[in-house]
Amino acid sequence: ANLLNDSYQEFIINPSVEVTVLAYRPIKIYLKGEIQQPGVKVLRGSMKAFDTYEENTNNRENNNSFGSNYFPTVFDAIRAGGGITQYSDLSKIRIIRKNSLSEGGGKITTIIDFQDFLRSGDSEVNLRIYDSDIIEVGYSNVSNNINLSKAISSGLNPRFVKVFVFGRVNNPGEIKLSSAS
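Residues numbered from 1 in each chain as written. Predicted model: local features only at pLDDT ≥ 70, side-chain atom pairs only at ≥ 80, totals over all residues. Heavy atoms only, no water.

1. As for the overall build of the chain
Link 1 in the chain: Along the chain, the regular secondary structure elements total 5 helices and 9 strands.
Link 2 in the chain: Counting helices and strands in the order they occur from the N terminus, the chain gives α-β-β-β-α-β-α-β-β-α-β-α-β-β.
Link 3 in the chain: Split into buried and exposed, the 181 residues of the chain put 30% on the buried side.
Link 4 in the chain: Sequence separation of at least 24 residues holds for 54% of the intrachain contacts in the chain that already meet a minimum separation of 6.
Link 5 in the chain: Here the chain displays about 12,300 Å² of accessible surface, and carbon together with sulfur accounts for 50% of that area. (Helix = DSSP H or I, 4+ residues; strand = E, 2+ residues; numbered from the N terminus. Buried < 20%, exposed > 50% of the residue type's maximum accessible area, 1.4 Å probe, protein only. Contact = heavy atoms within 4.5 Å. Areas by Shrake-Rupley, 256 points an atom, 1.4 Å probe, with all protein chains shown as cover.)

Given below as structure tokens:
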């Protein structure tokens, strides 16, 4: 706004420009490791707090009237990948990010312990993600059903999965199965 006000000073007396972001561009990230559906995911650049509720109810009319904007986080990224597997090592989630040229370029890496977030809701480890981030969930040799259970109860993993049954069966078609089984 200040740059525009300064530029318009030449043509208008006392310009007063206001800038409002109407929509953030989508961000593209890459998920790899112990994720149900690894690969490239596209997330909205900004989400509403009640977007999840509206997706579940298929009610889009009130999209702008409820909730506040927030930016996608590690939780949202893993959720977009279908959640974790029973062999996910949540104590070692690596986030690789492109460093800006003004900061020296290259890539920066951090490792977070996401178990703290599932256990206590410690939002410090639920970092905001940016365009072209790479999120890698480590592998554990030991099956961890406790983390999987917490992931389902927190909404990180879906409660139900859709399966399409076909062939010589009595009731072919799509069915929902509990992901806890």
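After that view, the rundown keeps rolling.
2. Things to note about the sheet that holds strand β2 (residues 39-43)
Link 1 in the chain: As summarised here, the arrangement of the 5 strands in space is β2-β1-β7-β5-β6, forming an open sheet in which the pairing is mixed. In this open sheet, the two strands that pair with only one neighbour each are β2 and β6 (107-112). Ignoring strand direction, the axes of neighbouring strands in this sheet form an average angle of 25°.
Link 2 in the chain: Note that strand β1 (residues 27-33) and strand β7 (residues 134-139) share 4 bridges and pair parallel. Looking across to β7, one finds that K32 is bridged to E136. (Pairing = 2+ DSSP bridges. Axes fitted to C-alpha atoms, helices over the stretch in contact; angles between N-to-C directions.)

3. Let's talk about the packing of aromatic side chains
Link 1 in the chain: Inspection of every chain in the model, using the stated rule, returns 5 aromatic pairs.
Link 2 in the chain: Judged by centre distance (5.0 Å) and plane angle (85°), the rings of Y24 and F71 are edge-to-face. Separated by 47 residues along the polypeptide, Y24 in the loop between α1 (2-8) and β1 and F71 in the loop between β4 (69-70) and α3 (74-80) bring together distant segments of the chain.
Link 3 in the chain: Here the aromatic cluster, defined as three or more aromatic residues joined through ring pairs, consists of F75, F114 and F117.
Link 4 in the chain: Positioned above the aromatic ring of F71 is the side chain of R128, whose terminal nitrogen or guanidinium carbon lies 3.8 Å from the ring centre. (Phe/Tyr/Trp six-rings, centres within 6.5 Å; stacked < 30°, edge-to-face > 60°. Lys NZ or Arg CZ within 6 Å of the ring centre and 35° of its normal.)

4. So, the pattern of salt bridges
Link 1 in the chain: Applying the stated criterion to the full structure yields 4 salt bridges.
Link 2 in the chain: A salt bridge links R94 to E136; the nearest nitrogen and oxygen atoms lie 3.9 Å apart. Of this pair, R94 sits in strand β5 (residues 88-98) while E136 is found in strand β7, placing the two residues 42 residues apart along the sequence.
Link 3 in the chain: Take R94: its relative accessible area is 33%, and that puts it in the partly exposed class.
Link 4 in the chain: By relative accessible area, which is 26% here, E136 ends up partly exposed.
Link 5 in the chain: Put simply, D116 and R119 hold a salt bridge, and the shortest N to O gap is 3.5 Å. Of the two residues, D116 and R119 both sit in helix α4 (residues 115-120), 3 residues apart, roughly one turn of that helix.
Link 6 in the chain: The class of D116 is partly exposed, set by a relative accessible area of 27%. (Salt bridge = Lys/Arg side-chain N within 4 Å of Asp/Glu carboxyl O.)

5. Overview of unusual backbone geometry
Link 1 in the chain: Even without being glycine, N14 reaches a positive phi, approximately 50°.
Link 2 in the chain: Within the secondary structure layout, N14 lies in the loop between α1 and β1.
Link 3 in the chain: Overall, the relative accessible area of 63% leaves N14 in the exposed class.
Link 4 in the chain: You will see that S132, though not glycine, has its phi angle at about 70°, which is positive.

6. With respect to the nonpolar core
Link 1 in the chain: In this structure, I29, I78, I93, F114, I129, I135 and L156 are the most contacted members of the largest nonpolar core, which totals 24 residues.
Link 2 in the chain: Breaking this core down by element, the ones donating at least two residues are β1, α3, β5, α4, β7 and α5 (145-154).
Link 3 in the chain: No other element matches the 4 residues that α3 contributes to this core. (Core = buried A, V, L, I, M, F, W, Y, C linked by side-chain atoms within 4.5 Å.)

7. Structural notes on the pairing of β7
Consecutive residues of a regular strand have side chains that alternate between opposite faces of the sheet.
Link 1 in the chain: The pairing of β5 with β7 spans 6 bridges and is classified as antiparallel. If you follow R94 over to β7, its bridge partner there is E136.

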